[in-house]
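# Results of the structural survey
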There are 4 protein chains.
Amino acid sequence: MLKIAVLGCGRIGVMHAANVAAHPRASLAGVYDIIAAAADACGARHGAPVFDTPEEVFASPDVDAVLIASATSTHSDYIEAAVAAGKPVLCEKPIDLDLKRVELCKSRIAGTDLPIMLGFVRRFDPGHRAARQAMLDGEIGDLHQVTIVSRDPGMAPDAYIETSGGIFRDMTIHDFDLARFMLGEEVETVFATGSRLVNPALMDRCNDYDTVVVTMTTASGKQAIITNSRQAVYGYDQRVELFGNKGMVISENHRENQVTRHLNGATNVSAPLLNFFIERYSEAFNAEIGHFVDAVENGVPVEVGFEDGRLALVLAEAAFKSIADGRAVRVSEIG
Amino acid sequence: MLKIAVLGCGRIGVMHAANVAAHPRASLAGVYDIIAAAADACGARHGAPVFDTPEEVFASPDVDAVLIASATSTHSDYIEAAVAAGKPVLCEKPIDLDLKRVELCKSRIAGTDLPIMLGFVRRFDPGHRAARQAMLDGEIGDLHQVTIVSRDPGMAPDAYIETSGGIFRDMTIHDFDLARFMLGEEVETVFATGSRLVNPALMDRCNDYDTVVVTMTTASGKQAIITNSRQAVYGYDQRVELFGNKGMVISENHRENQVTRHLNGATNVSAPLLNFFIERYSEAFNAEIGHFVDAVENGVPVEVGFEDGRLALVLAEAAFKSIADGRAVRVSEIG
Amino acid sequence: MLKIAVLGCGRIGVMHAANVAAHPRASLAGVYDIIAAAADACGARHGAPVFDTPEEVFASPDVDAVLIASATSTHSDYIEAAVAAGKPVLCEKPIDLDLKRVELCKSRIAGTDLPIMLGFVRRFDPGHRAARQAMLDGEIGDLHQVTIVSRDPGMAPDAYIETSGGIFRDMTIHDFDLARFMLGEEVETVFATGSRLVNPALMDRCNDYDTVVVTMTTASGKQAIITNSRQAVYGYDQRVELFGNKGMVISENHRENQVTRHLNGATNVSAPLLNFFIERYSEAFNAEIGHFVDAVENGVPVEVGFEDGRLALVLAEAAFKSIADGRAVRVSEIG
Amino acid sequence: MLKIAVLGCGRIGVMHAANVAAHPRASLAGVYDIIAAAADACGARHGAPVFDTPEEVFASPDVDAVLIASATSTHSDYIEAAVAAGKPVLCEKPIDLDLKRVELCKSRIAGTDLPIMLGFVRRFDPGHRAARQAMLDGEIGDLHQVTIVSRDPGMAPDAYIETSGGIFRDMTIHDFDLARFMLGEEVETVFATGSRLVNPALMDRCNDYDTVVVTMTTASGKQAIITNSRQAVYGYDQRVELFGNKGMVISENHRENQVTRHLNGATNVSAPLLNFFIERYSEAFNAEIGHFVDAVENGVPVEVGFEDGRLALVLAEAAFKSIADGRAVRVSEIG
């Protein structure tokens, strides 16, 4: 049993705490949140200790590892503290909104052989993984095009958008990582286009976009296309298509149930898509915890590490620059 | 070019006439209907001769073959006249509502080697045929269960129902033939149950049923299940499922188009089913004409002949008897 | 927290024990099995007490309720003992293979107001329930036909088949209950046909069938069709179709994942069906426990009780009689 | 009956001639091809006159209108000749590979009020049209993203590729037009990326691409994404997705039939996609002829005219320039 403490008891931290508590090979070593009431509620739910400060977490001998789900601005500090304390880390994305801070963190933890894992949960989705495995098994031959459609069911609250770092660092970052996971080769150029169609006023105020398309290419010519929208009224649209010279494999959307209706004027009417990421990726979040336990306890190499977190952020930066310049940006221009 | 005359210019005769006229290997040698105006309209549409009497059709040297699409009560007479005149026959189902009349017709045309083909059009449906071919190719191993769902989009007019001979002779008869086509073995027992749910008053008056289930078995234990309703508001429901010890193959429904809608609360909303038999089985009706031409011109054995027409009627009779007696009826009890 | 003891630590008992242990509103009060090693293993896995005798279970003040998952022949005895001890019961189907024993049990527990719940798990499947709810909400108008396809992925071991009481009491019994659940009206007549196609030698020896079709009707003319096979090589085939005068709703099959392959010669290739009942109905088994807790702790009426268990067995008996007699059997003839 | 002459009896000309001959409101006034044998064969098949020169076609009083399906290099000359002769034109895409020649043609036919229609057949596909109509009817609210996947089943012959003008002028041109049709607003910027993955040697030799992605935006921020490949081994992949603020509508792929297979290890195995454009767009080609007849005989405004042909070519030019420059190209830079 790996004793994991969870830092941050917001929506995603609370979910992680529950997953850790229920996991057959992990236990909840305690929780911390800057808002004491949030930590108290979460700890009470699972009968887990509540820490008063992050320092106590890192110092505690009853904590084997930490799961960082606090505000983005704390991620790098906590990673550094955990490494200093010799504790393995599972950290929610992104590492930081500022690539310079990420580089600094990278240099500060350089040389550690502690498992540092990034929470790019989609890598652990059984469907996406099965699609990738089919590709690795040669079913579609050589990969030519990766197409990712990723649309949120609805616009996040204004406050979230205002501090999210922009759509590429907050939302597309998952797709950047997923594209890298599928491409099996580093991205060389990034072209992005962004529009303000869902909530133009908010987007204007934040200098952000709610509707974007990103095209990326690798050295060998593989292409990845990411299509994002902040609002799909039909649900959380999550599709990944891998196209190769011998075939195509698609990880399709998930629905609430497998019921179809056949009525006057419409047939095959199906349930809404699973909504939202906690439901859609529930299996993936659990598998993520399992992989982290394997990494810490069994020495299994971390599948998605600090450098993956950094590179996803580099792609986000490249995307913003691409829109600003109206051109394809080479990743090497960024970092 | 096979010169085919069409007897009967009602809805189905008009469709057959158009198919014959448009067929690359057939031409419309003329039309006849007891209602002269109907024949005139149909003939004019295709620039084809209009015959004043059936006798003229059978006597005409410009008629190579006849397609009988007139009222059911005339089918046997016309078949006999066509055989006497040496003209091959493609006759709409059923041969007659009265099995005795069918037996008489059978004896009267005994010995002819003219192609006599029955219009069980579903045998020529590309989807149903592809499913059967998969079975013949061994894809599902030994056949165990044939499941046919066949539901009309809406109740036929009262006048039609009143003289149709009952649901088994009029509607299920197609499914009886299709089941025999798929089973590849004769039916031994028939059990039927019937309800009056769509239009109870009409059904009471006609001593008929609008909602029926028929279960049939063969000597080797193969099972066929037919589910019928006179009214499916979502369209013309036509499904055939072949289940065997190595797999299952399904001939699924056809839709107006391949467009799907994804809206607030419902995804994958698909078009209505093709409606009605003229649209749904348009390819099949054309293939039927093609097979008839092959039979007459190239000596290809008729795939669905007089005896198939008689046996389908035997199954219909067995179904009525099964409801009356509340038991499984052996086909050998009927004829 | 409802403290539930599990009697019987075979495949299904072990699953129930795990579900109870993991349930947020239940705890595993202990386990018992006639094979001590089985009970020990199961108890150890969850840190739960192991009882040496069933009597100890019923006598224990630490047991609030019992879940009976032992051999069928013990069900009635345990139900009676539990009622005598004042403990609510959740009992796996069937109550007994012998209807007389069931009637006796019924009389012995007459008058109890303890919750006695039968484990007809399919009633708790979210898909089946959503389909039924759509019907109750009027989406398909008046129900006309219920079609249940239920095929196991592969033949059970010989030893299981030899003592199962026959396909209708062991396998179809779930479908009998599900049909009653959907019909909302009692079955009046039953017609069944059975074949020996999957393993004829075994079926001959057991005087049983591996491939059956059952047609049932209610007083108002509603029809239910059940199609069973002991072996569907493509997986655990579980479909329920509700057809009414305003539409149709289908609870479709479940697959391992939502990945499709598109290759040379075949498109839309989908994953195998979920296999077997523990995976396919995992949500339902959990919901079943939840309903039992609600019944015991909150006085929610048991949705599927002793009488439902008895009536499903009556339908099984009617089905066997129908095959023997070659006729539709009225349920009132049985009991 | 509109008497239409067909210029060019290659694969697509032969198909058009057959469609014209079979069309209820058109007749084949004759055919011409630079290879006399090709014209003779095509004319003979339909009993239609064969012209010896294009001049004869334009001069013939028996020709009401012309359908230009000859080599691309002849299109502009023939359009000009037809206009000079007062004959309406239905011309296959593209007008010319050289935008300057197109501009010249435009100036030469300026002022004509003859119907000049371009053969962008996908506009007439019932599925694509139904999707667009759903959008026009407000079903998806405001359009945000148009996603077109268009992949040929296999690489065209080398000789074709070498003279096609490149993938954007030959293949993507259909998608450029379809995107404009769906966007309902002119494209402002074009970004393209191209790879050589299917046949790198051929692509190197022709300085062309076989795998491309194009992203386009309009003034209001609408986005269109086109994904092309010269080779999809699973068939002719033709999908159009319209995404808006109230929903999404998809025109899905078409298959040979509606048969599904369910086997050991794979379920829902479906037929290959319809292959190739003549089968996939057969209804559309017919509807195209119908629209042309309507335009000529009934004065219905041509839905897709010379300017649409020119603008599609402008987008193709912009795409090539975008790859060359590695940036988004404004359409106004081209013409």
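Structural data are supplied above this passage.
### A closer look at the interface of chain B and chain C
At the interface, 39 residues of chain B touch 39 residues of chain C. Looking at the side of chain B facing chain C, the largest losses of area belong to H144, L197 and F243 of chain B, adding up to 17% of the total buried there. At the junction of chain B and chain C, the tally comes to four salt bridges. Between E241 of chain B and R239 of chain C there is a salt bridge; the shortest N-O distance is 3.0 Å. Summed over the shared surface of chain B and chain C, the result is 19 residue pairs in polar contact (both at pLDDT 80 or more). Elements that contribute at least two residues to the side of chain B that touches chain C include exactly β6 (143-151), β7 (187-195), β8 (211-218), β9 (223-229), β10 (237-244) and β11 (247-251) of chain B. Within the side of chain B that touches chain C, the residues separate by chemical class into 13 nonpolar, 19 polar and seven charged.

### A short note on the side chain of R122 of chain D
All names here are of chain D. Here R122 shows up in the loop between β5 (116-118) and α6 (126-136). Within the local environment of R122, its side chain forms a polar contact with the side chain of Q238, the two groups lying 3.5 Å apart. In contact with R122, other than residues within four places in its own chain, are H128, S150, H174, D175, L178, Y236, Q238 and Y281.

### Considerations on the relation of the copies chain A and chain C
With an RMSD of 0.0 Å, chain A superimposes on chain C once it is rotated by 180° and translated 0.1 Å along the axis. Classification of the inter-copy transformation places it as that of a two-fold axis. Relative to the rotation axis, the closest C-alpha in chain A is found at A22 of chain A, a distance of 4.1 Å. A symmetric contact is evident, with 100% of the interface residues of chain A recurring at the interface of chain C.

### Notes on the pairing of strand β1 (residues 2-7) of chain B
All names here are of chain B. Counting buried residues along β1, five of its six residues qualify, which places the element largely inside the surrounding structure. Where β1 lies against strand β2 (residues 26-32), six bridges are found, and the strand directions are parallel. Across the sheet, residue V6 finds its bridge partner in β2, namely V31. Taken together, β1, helix α1 (residues 11-22) and β2 constitute a β-α-β crossover, and its handedness is right-handed. Sheet topology places β1 next to strand β3 (residues 65-68); four bridges connect them, and they run parallel. Opposite I4, over in β3, you have A65 as the bridge partner.

The rules behind the values
Residues numbered from 1 in each chain as written. Chains lettered and ligands numbered in written order. Predicted model: local features only at pLDDT ≥ 70, side-chain atom pairs only at ≥ 80, totals over all residues. Heavy atoms only, no water. Contact = heavy atoms within 4.5 Å. Buried area = accessible area lost by both parts, 1.4 Å probe. Salt bridge = Lys/Arg side-chain N within 4 Å of Asp/Glu carboxyl O. Polar contact = N/O pair within 3.5 Å; in protein donor to acceptor, adjacent residues only side chain to side chain. Helix = DSSP H or I, 4+ residues; strand = E, 2+ residues; numbered from the N terminus. Nonpolar A, V, L, I, M, F, W, Y, C, P; charged D, E, K, R; others polar. Least-squares fit on C-alpha atoms with pLDDT ≥ 70 in both. Buried < 20%, exposed > 50% of the residue type's maximum accessible area, 1.4 Å probe, protein only. Pairing = 2+ DSSP bridges. Right-handed = clockwise from strand over helix to strand, strands pointing away.

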